[in-house]
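In case you want the letters, here they are:
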Amino acid sequence: MNPSDFRSDTVTRPTPEMRKAMAEAEVGDDVIGFDPTVQKLEALAAETMGKEAGLFCPSGTMGNSIAVKAWTQELQEVIVESRSHIFNLESTHLTFISRVTPRPLPSRRGAMDPAEVEHFVKKPNVHTPQTTLICLENTHNNWGGAVVPLENFKAIREVAVRHGLRVHLDGARIFNASTASGVPVRGYADEVDSVMFCLSKGLSAPIGSMLVGPKEFIEYGRRIRKALGGGMRQVGVIAAAGLLALTRMTGRLAEDHRRARRLAEALSALPGIVLNPAEVETNIIIFKFEHPGLTVPSLLSELEKRGIRALAAPGGVGIRMVTHKDVDDADVDAAIGAFRDILG
Ligand SMILES: *Cc1c(COP(=O)(O)O)cnc(C)c1O
């Protein structure tokens, strides 16, 4: 029996249609020339987000790394949300690659207070780095897939415009945000200068993320990508799956959100689980686990024995579960059953 895998939406396997498109993809050398399938994907990504140009990247981390590097210089500061993926989970490319100072700020479920952002904007000064970039994240992974409201984007954009700053969106799951809020992805993208989004998570492509933004930024980004070792040759083979991710897979995300909510509602009734199901807006469930007899690792191993895979949440005091294409209603029922068996 295959385990029900709730560890992440990154575990999604390519669809049969993707496999076929990959096998038949028209390809070229995307480093010495171009690859027609990649070009198609880059154009579609840019158009979808209402930006001038797009760049296919091997990972979301590389897309974000390129964006920060392209928008900043040394002796500058970048405002990030304190629980953001860019600040916490990307092996410090801010300092390692871009050599900028991160300025982490707290937030309400991923939405930083625009007044506080403005308070921390620094002018060039002999003592301090100059603030030049603000990074946003939507949906917010470590805030349990929270949707950052469009009004917050607009308010932060106003601060950025007032001070001549750029705004980059880590939109790894921007289609989940759009599905949950009803705001088109372009609505969010219009408020920022650049967007990174992942094809390889809920959209189920095997590999790949897109960076979109102004033409010059993307041209410079292409040079940075090569310098980072991200120039790939007949990469149309994976871009072909990306095209289907973008055209066929965004419409089904509401299903994942429904399942996550149903799972959260059932789990929130069990002893030891601290979870408000109303806060589960998209496909990520993060809950605190406080139990007299069980630790997080022991709960995870009891779940594994029952064919349910989950991950410890950052900080190790809770659990993270993610719904996606490869878990269905039966998997959700199996998970609920396993939790009740262990805790009920
Ligand atoms: C997954 C993720 C990324 C990075 O994507 P990788 O392809 O895993 O490098 C960036 N930001 C957020 C919010 C993510 O969830």
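Residues numbered from 1 in each chain as written. Predicted model: local features only at pLDDT ≥ 70, side-chain atom pairs only at ≥ 80, totals over all residues. Heavy atoms only, no water.

**Quick notes on the layout of surface pockets**
Vacant regions in the atomic arrangement are exposed by a probe of water-molecule size rolled over the atoms. Considered as a void within the structure, the largest pocket measures approximately 410 Å³ in volume. Around the largest pocket, the lining comprises 19 residues; the ones closest to its centre are R83, N142, G144, I286 and F287. Ranked by the residues each element gives to the lining of the largest pocket, the list is headed by strand β10 (residues 284–289), at 5 residues. Of the residues contributing to the lining of the largest pocket, the split by class is 11 nonpolar, 4 polar and 4 charged. (1 Å grid on protein atoms, 1.4 Å probe; cavity = no way out; pocket = protein on both sides within 12 Å on 5 of 7 lines; lining within 4 Å. Points joined across faces, edges and corners; volume = space filled by probe spheres on them. Helix = DSSP H or I, 4+ residues; strand = E, 2+ residues; numbered from the N terminus. Nonpolar A, V, L, I, M, F, W, Y, C, P; charged D, E, K, R; others polar.)

**Looking at the pattern of salt bridges**
Taken as a whole, this structure holds 30 salt bridges when the rule is applied. A salt bridge links R7 to D5; the nearest nitrogen and oxygen atoms lie 2.7 Å apart. A residue is classified by how much of its surface remains accessible, and R7, at 30% relative accessible area, is partly exposed. Note that E42 is salt-bridged to R222, the shortest N-O span being 3.1 Å. Remark: R222 occurs in helix α10 (residues 215–227) and E42 occurs in helix α2 (residues 36–49); sequence separation between them is 180 residues. Each of the salt bridges in this network shares a partner with another, and the network as a whole consists of R252, E255, D256, R259, R262, D329 and D333. (Salt bridge = Lys/Arg side-chain N within 4 Å of Asp/Glu carboxyl O. Buried < 20%, exposed > 50% of the residue type's maximum accessible area, 1.4 Å probe, protein only.)

**Examining the packing of aromatic side chains**
Taken as a whole, this structure holds 4 aromatic pairs when the rule is applied. Pairing F153 with Y188 gives two aromatic rings, centres 5.2 Å apart and planes at 55°, and the pair type is tilted. Of this pair, F153 sits in helix α7 (residues 150–163) while Y188 sits in helix α9 (residues 185–189), placing them 35 residues apart in sequence. Accessibility classification places F153 together with Y188 in one group, the buried group. Aromatic side chains F287 and F339 sit 6.1 Å apart centroid to centroid with 70° between the ring planes, which places their arrangement in the edge-to-face category. On the criterion of sequence distance, the pair formed by F287 in strand β10 and F339 in helix α14 (residues 329–343) is long-range, its members being 52 residues apart. Between R83 and the ring centre of W143, over which it is positioned, the NZ or CZ distance is 3.6 Å. (Phe/Tyr/Trp six-rings, centres within 6.5 Å; stacked < 30°, edge-to-face > 60°. Lys NZ or Arg CZ within 6 Å of the ring centre and 35° of its normal.)

**Some points on the side chain of K201**
Of note, K201 is situated in the loop between β7 (194–198) and β8 (209–213). The charged side chain of K201 is buried without a salt bridge, its nearest counter-charge being D9 at 5.7 Å. For K201, the contacting residues outside a window of four places in its chain are D9, T10, T12, A172 and R173. (Lys, Arg positive; Asp, Glu negative; His and termini not counted. Contact = heavy atoms within 4.5 Å.)

**Focus on unusual backbone geometry**
Going from N138 to T139, the amide bond is cis rather than trans, its omega being -5°. Its place among the elements puts T139 in the loop between β5 (130–137) and α7. Look at R99: it is not a glycine, yet its phi comes out positive at around 55°. Along the chain, R99 falls in the loop between α5 (93–96) and β4 (101–105).

**Brief notes about the pairing of strand β3 (residues 76–81)**
Across the 6 residues of β3, 6 count as buried, placing the element largely inside the fold. Along β3, one buried face is formed by Q76, V78 and V80 and the opposite face, lined by E77, I79 and E81, is buried too. Pairing between β3 and β5: 4 bridges, direction parallel. Residue pairing across strands places V78 opposite L133, the latter belonging to β5. In the sheet, β3 pairs with β4 via 5 bridges, with the strands oriented parallel. Within the sheet, the bridge partner assigned to V78 lies in β4 and is P102. (Pairing = 2+ DSSP bridges.)

**Focus on the nonpolar core**
In terms of nonpolar packing, the biggest core is built from 50 residues, with M49, I134, L136, I174, F175, Y188 and F197 touching the most fellow members. Top contributing element to this core by residue count: helix α11 (residues 236–248), with 7 residues. When near neighbours in sequence (up to four residues on either side) are disregarded, M49 contacts I174, F175, V185, R186, A189, V195, F197 and V212. (Core = buried A, V, L, I, M, F, W, Y, C linked by side-chain atoms within 4.5 Å.)

**Section: the domain arrangement of the chain**
Once the domains are mapped, the chain shows domain 1 (4–10 + 252–343) and domain 2 (13–249). Just the C-alpha atoms count here: the centres of domain 1 and domain 2 sit 28 Å apart. With 17 residues of domain 1 in contact, the opposing surface of domain 2 contributes 21 residues. With both sides pooled, the region where domain 1 packs onto domain 2 buries about 1700 Å², and carbon together with sulfur makes up 49% of that total. Between domain 1 and domain 2 we count 4 salt bridges in total. On inspection of domain 1 and its partner domain 2, the count reaches 9 residue pairs in polar contact (both at pLDDT 80 or more). (Domains from an automatic or database assignment. Buried area = accessible area lost by both parts, 1.4 Å probe. Polar contact = N/O pair within 3.5 Å; in protein donor to acceptor, adjacent residues only side chain to side chain.)

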